[in-house]
Amino acid sequence: RSGSTGPASKMAGADGDDSLYPIAVLIDELRNEDVQLRLNSIKKLSTIALALGVERTRTELLPFLTDTIYDEDEVLLALAEQLGNFTMLVGGPEYVHCLLPPLESLATVEETVVRDKAVESLRKISQEHSPVDLEVHFEPLVKRLASGDWFTSRTSACGLFSVCYPRVSSTVKAEIRHTSDYDTPMVRRAAASKLGEFAKVLELDYVKSDIISLFTALASDEQDSVRLLAVEACVSIATLLPQEDLETLVMPTLRQAAEDKSWRVRYMVADKFSELQKAVGPEITKNDLVPAFQNLLKDCEAEVRAAAANKVKEFCENLPEDNREQIIMTHILPCVKELVSDTNQHVKSALASVIMGLSTILGKDNTIEHLLPLFLAQLKDECPEVRLNIISNLDCVNEVIGIRQLSQSLLPAIVELAEDAKWRVRLAIIEYMPLLAGQLGVEFFDEKLNALCMAWLIDHVYAIREAATCNLMKLVEKFGAEWAQNTIVPKVLGMANDPNYLHRMTTLFCINALSEACGQEITTKQMLPVVLKMSNDQVANVRFNVAKSLQKIGPVLDSNALQTEVKPVLEKLASDADMDVKYFAQEAISGIQNGCTLLHSQMMSFPNSISFCTVCSLQQNRIGQTNELPQPKVIGTNSVIKCCL
């Protein structure tokens, strides 16, 4: 900044002290009109603090930051985050209270994300205060925020009570407990969201005397946004109270919430139901939560039914073992049967993601009699996500009833979907096939589903043929190259003689997809001869796809095949009468040459090793000289690089 007369130059030149320059530059950039410059400056605060040293950071940098908190929310958010990591930069825990003034200001700004980040940083540095400093510096800050004129400061205070309460004196604890200025919905929301956390650090007697009354008031608030947050607090409070106190102190409020007039509150109850179930114990679950869960599964709002449906398996698992099956069969299963045919697809999808898990709870006989019909109904559902959720969890049922029973019941439905007249339905089942194959095993797949997968390769819709090709690649990755060699490859190669040229092209697409998964030996000995033979095909589309395939499978082939078989065919295709065939053949040849050029440059970068290009037989010896080899062969073992085609 030569010749500058701004604050930076003045500050650095006032007494000839260049050490002032960093803070001066910061002031300059924080006043810049460009928000990004100001943001970059804030992100460099730790560097600037290191340059200034701990004393000047405390006496100059922090006061400046406190006085200039008026910036864009993005800048303030970055500042709030930075200050949470500043303890060592101000001199360690002994001076950590110096960070409180700027963070206090940030905790009162209007933007919620800035306040939340400031509170997060305050909670972090509160742990670095000694008990004395906590009472002298931190607790007064909390009181100032709690009694502030604006709701913004009071909402921030709600997040700080729990971190300072355990470490202050009994007198200060009493003051914190009786801070209760909840005059606006925003403050009450903040109080409800932090009530459970605060209850965990209180003595049990005060939970009963102070927290329960506040919890009851918040759970009955006129704003449903407050009431739904009180449900979260209910979980924490219930875990703290003895069993004998739950019925009188918690359950009336919980019953009220489960039947609340606002669907959002009922949704929160459904979403937290498993946690509530564990908190209140088996007896209250049997008497109170089972009927409440039934009502939530039958709720008039789809969002509530979906949230409850998502908890079916977990709820059933946590029921008391002595009467679990009886409760499920009598109270839960009738509701589940209704949800299978629900009008809302999100409800059906949520149920489909967990319903299979009931089979391990109910056992073989109940699964066959009661659950299998439901699985079949969902497997035929018009919603793809429902079908996917059923198929992706088939292993749960397989463990209970066995593969034979499963095939007799579910396989016809899968086959029906696979042969559906609508191509999008066929496409959906193809996408699930690798998952299905992995769960059912290779023997079952070969017996029941292999023919189906091969039939998709000659489907009249291109999207199906393409998806079937990808499906084969995933199956080979799952079952291995040996399985592919014996089961898949012969059938794929047999399609090369199909009268329909589209099916012949599918052979090439399959070879492209399978070559890497099958490896060099299978590709070179079985697939390559078929590709080369197809270079004489009468249809130009097939011939130019041969050129593309040779370029694709080249990296998998051995050097001898590239030299003696691939290159001559590509050169022949490069002089083909069809323009497209000629173009793609030249592209493939160019790929070989480009691969060599790249490889040669890599070879020259390793002068102390022996390198070898398997395509053009260029060898580099240990002193960096290159020469042509008459026949392709590997020279040395230190570094052998294969040309990527």
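Scoring rules and cut-offs
- Residues numbered from 1 in each chain as written.
- Predicted model: local features only at pLDDT ≥ 70, side-chain atom pairs only at ≥ 80, totals over all residues.
- Heavy atoms only, no water.
- Helix = DSSP H or I, 4+ residues; strand = E, 2+ residues; numbered from the N terminus.
- Buried < 20%, exposed > 50% of the residue type's maximum accessible area, 1.4 Å probe, protein only.
- Contact = heavy atoms within 4.5 Å.
- Areas by Shrake-Rupley, 256 points an atom, 1.4 Å probe, with all protein chains shown as cover.
- Expected span 1.5 Å × (residues − 1).
- Bend = angle between axes of the 7 residues up to and from the residue.
- Core = buried A, V, L, I, M, F, W, Y, C linked by side-chain atoms within 4.5 Å.
- Axes fitted to C-alpha atoms, helices over the stretch in contact; angles between N-to-C directions.
- Parallel < 35°, antiparallel > 145°, perpendicular 65-115°, else oblique.
- Left-handed = near helix turned anticlockwise from the far one by under 90°.
- Nonpolar A, V, L, I, M, F, W, Y, C, P; charged D, E, K, R; others polar.
- Salt bridge = Lys/Arg side-chain N within 4 Å of Asp/Glu carboxyl O.
- Phe/Tyr/Trp six-rings, centres within 6.5 Å; stacked < 30°, edge-to-face > 60°.
- Lys NZ or Arg CZ within 6 Å of the ring centre and 35° of its normal.
- Patch = residues over 30% accessible without salt bridge, like charges linked within 9 Å, V, L, I, M, F, W, Y side chains within 5 Å.
- Lys, Arg positive; Asp, Glu negative; His and termini not counted.
- Charge placed at Lys NZ, Arg CZ, Asp CG, Glu CD.

Caption draft 1: Broad picture of the overall build of the chain. Along its length, the chain carries 37 helices and three strands. Among the 645 residues that make up the chain, the fraction classed as buried is 52%. Contacts in the chain between residues far apart in sequence, at least 24 positions, make up 65% of those at least 6 positions apart. Within the structure as shown, the chain displays about 29,400 Å² of accessible surface, and the carbon and sulfur contribution to it stands at 50%.

Caption draft 2: Focus on helix 32 (residues 481-494). Helix length check: helix 32, at 14 residues, gives a terminal C-alpha distance of 18 Å against a target of 20 Å (1.5 Å per residue), a fit within 8%. Its axis deflected by about 45 degrees at Ile488, helix 32 carries its strongest bend there, up to four residues before the proline Pro490. Within the span of helix 32, buried status applies to Trp483, Ala484, Thr487, Ile488, Val489, Val492 and Leu493. Close packing links the buried residues of helix 32 with helix 30 (442-456), helix 31 (462-479), helix 33 (501-518) and helix 34 (520-533).

Caption draft 3: Main features of helix 21 (residues 302-309). Taking burial as the measure, the eight residues of helix 21 include seven buried ones, the bulk of the element. Within the sequence span of helix 21, burial applies to Ala302, Val304, Arg305, Ala306, Ala307, Ala308 and Ala309. Turning to helix 21, the residues buried within the fold contact helix 18 (263-271), helix 20 (282-297), helix 22 (312-317), helix 23 (324-340) and helix 24 (345-352).

Caption draft 4: Spotlight on the nonpolar core. Within the largest apolar cluster, 205 residues are counted, with the highest numbers of intra-cluster contacts made by Ile237, Val312, Ile355, Leu449 and Trp456. Sequence-distant contacts of Val312, that is, excluding residues within four places in its chain, are made with Phe293, Leu297, Ile332, Val336, Leu351, Val354 and Leu358.

Caption draft 5: Representation of the packing of helix 34 against helix 35 (residues 540-553). Two elements in contact, helix 34 and helix 35, have axes separated by 10 Å at closest approach and are oriented at 160 degrees. The angle between helix 34 and helix 35 falls in the class roughly antiparallel. With respect to the hand of their crossing, helix 34 and helix 35 are arranged in left-handed fashion. On helix 35, the residues that touch Thr523, Leu528, Val531 and Leu532 of helix 34 are Val546, Ser549, Leu550 and Ile553. For the contact of helix 34 with helix 35, the residue count by class is six nonpolar, two polar and no charged.

Caption draft 6: The arrangement of the pattern of salt bridges in detail. The tally for this structure, following the rule as stated, stands at 20 salt bridges. Across the salt bridge formed by Lys173 and Glu203, the nearest N and O atoms sit 3.6 Å from each other. Taken together, the residues Lys173 in helix 12 (residues 170-177) and Glu203 in the loop between helix 13 (185-201) and helix 14 (204-219) connect sequence positions 30 residues apart. You can call Lys173 buried: its relative accessible area is 15%. Assessed through its relative accessible area of 31%, Glu203 is described here as partly exposed. Note that Lys525 is salt-bridged to Glu521, the shortest N-O span being 3.4 Å. Placement of the pair is Lys525 and Glu521 together in helix 34, with a separation of four residues, close to one helical turn. Its relative accessible area of 60% is what places Lys525 among the exposed residues. Glu521 sits in the exposed class, given a relative accessible area of 55%.

Caption draft 7: Highlighting the packing of aromatic side chains. By the definition in use, this model includes eleven aromatic pairs. Between Trp263 and Tyr267, the aromatic rings sit 6.4 Å apart at their centres with planes inclined by 80 degrees, giving edge-to-face as the arrangement. Here the residue Trp263 and the residue Tyr267 both occupy positions in helix 18, the gap between them amounting to four residues, near one helical turn. A relative accessible area of 33% places Trp263 in the partly exposed class. Positioned over the ring face of Tyr95 is Arg58, at 3.7 Å from the centre of the ring. We note Lys548 situated over the ring of Phe584; from NZ or CZ to the ring centre the distance is 4.9 Å.

Caption draft 8: Representation of a negative patch on the surface. Taken together, the side chains of Glu72, Asp73, Glu74 and Glu110 present a region of like negative charge at the surface. Mapped onto the elements, Asp73 comes out in helix 6 (residues 73-83).

Caption draft 9: Spatial organisation of the packing of helix 35 against helix 36 (residues 559-573). One can describe the packing of helix 35 onto helix 36 by two numbers: an axis separation of 11 Å at closest approach and a directional angle of 145 degrees. The way helix 35 lies across helix 36 gives a crossing that is left-handed. Across the interface between the two elements, Arg543, Val546, Ala547 and Leu550 of helix 35 pack against Val566, Val569, Leu570 and Leu573 of helix 36.

Caption draft 10: Local environment of the environment of Gly196. Tracing the backbone through its elements, the reader meets Gly196 in helix 13. What makes Gly196 buried here is its relative accessible area of 4%. Considered as a pair, Gly196 and Glu232 are 36 residues apart in the sequence and their alpha carbons are 7.3 Å apart. Apart from residues lying up to four places away in sequence, Gly196 is in contact with Ala233 and Ser236.

Caption draft 11: Expanded view of the environment of Asn32. Note on placement: Asn32 falls in the loop between helix 2 (21-30) and helix 3 (35-43). Classification of Asn32 as partly exposed rests on a relative accessible area of 29%. Apart from the residues lying within four places of it in its own chain, the contact partners of Asn32 are Leu37 and Arg38.

Caption draft 12: Summary view of the environment of Thr469. If you trace the backbone, Thr469 turns up in helix 31. Measuring from C-alpha to C-alpha, the distance between Thr469 and Met454 comes to 9.2 Å, with 15 residues separating the pair along the chain. The residues touching Thr469, leaving out its near neighbours within four places in the chain, are Leu457, Thr506, Phe509, Cys510 and Ala513.

Caption draft 13: Representation of the side chain of Thr524 in the model. Relative to the elements of secondary structure, Thr524 occurs in helix 34. For Thr524, a relative accessible area of 14% gives the class buried. The contact partners of Thr524, leaving out residues within four places of it in the chain, are Pro529, Leu557, Asp558 and Ala561.

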